[in-house]
Amino acid sequence: MLKGNLPTDWREAIYYRYWQHILHRDVAAHLGIRTKTQKLIYYYGQPLGMTSYEATKPEWEFFNLVRDPKEMRNAYADPQYKLQIDSLTQQLRELKAYFGDSDENFPEMPTF
């Protein structure tokens, strides 16, 4: 793999979740998806019993990692990325479900 020989079924995206709402880094709880060229983050901002901090307003970030590798410009509201954002949002839902990351016990969790 280090020589660039990836398996044909190698994943194209990675899913992650940050549960520690505001706890150590002043970062709202969030989940996201990252591909080689794009990153989509959903800050749902709910402590979900993991911390005692107040909820924050949900918000989104999208970064084109080719044009903005240092992630300096949130392009979520940029209409030129609508199709990519819609596709990543769908992939985010699918990966969340695939990994069994359910919020059924958290009615306060905003849906997306």
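So, here's what we can say about the structure. (Residues numbered from 1 in each chain as written. Predicted model: local features only at pLDDT ≥ 70, side-chain atom pairs only at ≥ 80, totals over all residues. Heavy atoms only, no water.)

On to the overall build of the protein, then. Counting its secondary structure elements, the protein contains one helix and four strands. If you line up the protein on its principal axes, its C-alpha atoms span 45 × 30 × 25 Å. Among the 112 residues that make up the protein, the fraction classed as buried is 39%. Counting only contacts in the protein whose residues sit at least 6 apart along the sequence, the fraction spanning at least 24 positions is 44%. Element-wise, carbon and sulfur atoms account for 53% of the exposed surface of the protein, whose accessible area totals about 7,800 Å². Seen as two clouds, the 14 positive and the 15 negative side-chain charges of the protein have centres 8 Å apart. (Helix = DSSP H or I, 4+ residues; strand = E, 2+ residues; numbered from the N terminus. Buried < 20%, exposed > 50% of the residue type's maximum accessible area, 1.4 Å probe, protein only. Contact = heavy atoms within 4.5 Å. Areas by Shrake-Rupley, 256 points an atom, 1.4 Å probe, with all protein chains shown as cover. Lys, Arg positive; Asp, Glu negative; His and termini not counted. Charge placed at Lys NZ, Arg CZ, Asp CG, Glu CD.)

This part takes up the side chain of D78. Residue position: D78 is located in the loop between β4 (59–64) and α1 (82–98). Within the structure, the side chain of D78 is placed 3.0 Å from the side chain of R73, a separation counted as a polar contact. (Polar contact = N/O pair within 3.5 Å; in protein donor to acceptor, adjacent residues only side chain to side chain.)

Further remarks concern the nonpolar core. Membership of the largest hydrophobic core comes to 18 residues, with the highest contact counts inside it found for L31, I33, L40, Y44, F62 and L92. Of all the secondary structure elements, the ones that give two or more residues to this core are β1 (13–18), β2 (30–35), β3 (38–43), β4 and α1. Top element by residues in this core is α1. It accounts for four residues. (Core = buried A, V, L, I, M, F, W, Y, C linked by side-chain atoms within 4.5 Å.)

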